[in-house]
Structures are given as C-alpha cells and as structure tokens.
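Residues per chain, in single letters:
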Amino acid sequence: MNNYEQAQELARLHFLRYDHRALIHRCGVREMGRYLVFPFLGAMTRIEKDTGYITSSFDDFKTCWPADFSEAMSVYDWLCDQNPGAQASGEYGPVSALSGVYTSGGGLPMSAGKLPKSIEENPEQFRQVMTALGGKPHPLGDMGYVLDIFPGLPMALKFYYSDEDFPAELRLLWDSHMLDFVRYETIYYIAGVLLRRVRQGLAS
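Parameters and conventions
Residues numbered from 1 in each chain as written. Predicted model: local features only at pLDDT ≥ 70, side-chain atom pairs only at ≥ 80, totals over all residues. Heavy atoms only, no water. Buried < 20%, exposed > 50% of the residue type's maximum accessible area, 1.4 Å probe, protein only. Helix = DSSP H or I, 4+ residues; strand = E, 2+ residues; numbered from the N terminus. Pairing = 2+ DSSP bridges. Disulfide = S-S within 2.5 Å. Contact = heavy atoms within 4.5 Å. Phe/Tyr/Trp six-rings, centres within 6.5 Å; stacked < 30°, edge-to-face > 60°. Lys NZ or Arg CZ within 6 Å of the ring centre and 35° of its normal. Axes fitted to C-alpha atoms, helices over the stretch in contact; angles between N-to-C directions. Salt bridge = Lys/Arg side-chain N within 4 Å of Asp/Glu carboxyl O. Patch = residues over 30% accessible without salt bridge, like charges linked within 9 Å, V, L, I, M, F, W, Y side chains within 5 Å. Areas by Shrake-Rupley, 256 points an atom, 1.4 Å probe, with all protein chains shown as cover.

Draft legend 1. View of the pairing of strand S10 (residues 169-175). A large share of S10 lies buried, amounting to five of its seven residues. The sheet contact formed by strand S9 (residues 153-160) and S10 spans six bridges and is antiparallel. Along S10, the bridge assignment pairs Ala156 with Leu173.

Written out as structure tokens, the structure reads:
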C-alpha cells in the first residue's frame, strides 16, 4: 500500500467513527438506504455508511465509478472536518487570498495545462460542459461560471481568451470561507477533480 492509499484508508476509517445523523444535519446530504448521497462537482456521489466506500455517477448510478484519491479525500474532508456552522460568503478569489493562508508567489501551482487552449478552440462545448456540471453563467472574465463543489459550497471559474500579449487563461476562484469547509490541501484535490471533468467533457 503506497502513501496515497494509506492516507485514503485512514480517511475512510476516520469517516466510520462519525455519527451519520450529525453529518446529514451538518452537511445537507440525503440518506438513501445504506448510503449518504450528495452532488459533488456535477456528479451524484454516495458513500456507504457501513464501509465508507465512495462511488459517483452521471446517470443516477446506472453506471458509476469508485472514487480515486482526489475524489475520496475531498469527500471525506468535507463531510468530517468542516467547521460547525460553516457558511459560504459568495465572494470569490484565488487560493492565496483565503483568510489564514500565508504564501509567497501565490501559493502552490494550480496549472490547467493545455485546457485553456482547448476551451478557446471549443467555447460552445465548454459552455455545454459547464452546464452539465451544474455551472451557472456569471460575469467574470470573457466567460465565467459559478458552480457548487458540494451542497452549500460554491466556487467560480473565470476564462480569458488569448490576445496579442497573453495566452488563454483559466482561473479557479474559491469562496472566501473555503477553509471553513475543507483544509488547505484539499482545495488542490478539488481543483484536480474539476479540471479532469472539464477535460473529459471537452474530449467527449
């Protein structure tokens, strides 16, 4: 078992120690039989109460996939470790601007790679992908969207087309109360999940 697998297993065991009724009340998830069910970045996600294993689906669980490391750690952290009474502010900024974060050079790199170029070449498909993920148009950049990471926890995307001086750019913006919901490192797991889903949508 490698370090990632060990961390995911410890998080699963951490979840199993929680009172599921408290999680339902605090996080706004639904109880459906042996599962807790909730949306996560456009996919319906469920966690088995007795085992802590997580699966997600885009078609009401007709087909589904098991959570990978980034998906699982995002879910476990949000469910188990958010502050009591956490409330989103609806104000968005870069990760380096979050209250309590002290970084030099803007924080850890969060690269979208070739994705901005793909968006620029396929803007209508990008709009369709964002709509499928539950995104709502928002006046940010040349194309902007707000979407829910989890129930009650929104984030924003801001896209700029290239010009003669700068390449196309995609920025991920986070609610100013983000760290009331998840830990700092979890933001990068969430970002990775979102960027992957956008890439997959553009490639389909």
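Draft legend 2. Up close: the state of the cysteines. Taken as a whole and judged by the stated rule, the model has zero disulfides. We note that Cys27 lacks a disulfide partner, and the nearest cysteine sulfur, in Cys80, lies 7.9 Å from it.

Draft legend 3. Molecular detail of the side chain of Arg197. Positionally, Arg197 belongs in helix H6 (residues 184-203). Residue Arg197 is classed as buried on the basis of its relative accessible area, which comes to 5%. When residues no more than four places from it in sequence are discounted, the contact partners of Arg197 are Phe40, Leu41, Ala43, Phe58, Trp65, Glu71, Val129 and Leu133.

Draft legend 4. Geometry of the packing of aromatic side chains. Applying the stated rule across the entire model yields twelve aromatic pairs. Taken together, a centroid distance of 5.2 Å and an interplanar angle of 45° make the contact between Phe58 and Trp65 tilted. By the ring-pair criterion, three or more aromatic residues cluster together here, those being Phe38, Phe40, Trp78 and Phe150. One cation-aromatic arrangement involves Arg46 over Phe61; the distance from NZ or CZ to the ring centre is 4.3 Å. The ring of Phe40 has Arg197 lying over it, and the distance from NZ or CZ to the ring centre is 5.2 Å.

Draft legend 5. Highlighting the sheet that holds S10. With antiparallel pairing, five strands are arranged side by side in an open sheet as S6-S10-S9-S8-S7. The sheet is open, and its two borders are formed by strand S6 (92-93) and strand S7 (136-137), each paired with just one other strand. Where S6 meets S10, two bridges bridge the pair, whose relative direction is antiparallel. Opposite Tyr92, over in S10, you have Asp175 as the bridge partner. Along the sheet, H6 contacts strand S8 (143-150), S9 and S10; its crossing angle with S10, the most-contacted strand, is approximately 135°.

Draft legend 6. Examining the pattern of salt bridges more closely. A full pass over the atoms with the stated rule returns eleven salt bridges. Its salt-bridge partner being Arg196, residue Glu71 comes within 3.3 Å of it at the nearest N-O pair. One end of the pair, Glu71, is in helix H3 (residues 69-81); the other, Arg196, is in helix H6, and 125 residues separate them in sequence. The class for Glu71 is buried, based on a relative accessible area of 5%. Residue Arg196 is classed as partly exposed on the basis of its relative accessible area, which comes to 27%. We note a salt bridge from Glu124 to Arg127, for which the minimum N-O separation is 3.4 Å. Note that Glu124 and Arg127 are positioned in helix H5 (residues 123-132) at a spacing of three residues, about one turn of the helix. By relative accessible area, which is 46% here, Glu124 ends up partly exposed. A single network of salt bridges, built from pairs that share partners, joins Asp68, Glu71, Arg196 and Arg197.

Draft legend 7. The arrangement of a nonpolar patch on the surface in detail. Residues Leu10, Leu13 and Leu16 make up a contiguous nonpolar surface patch of roughly 250 Å² in combined accessible area. Mapped onto the elements of the fold, Leu13 is located in helix H1 (residues 3-16).

Draft legend 8. Representation of the environment of Ala22 within the structure. Within the element layout of this structure, Ala22 appears in helix H2 (residues 20-27). Note: C-alpha distance between Ala22 and Glu185 (163 residues apart in sequence) is 24 Å.

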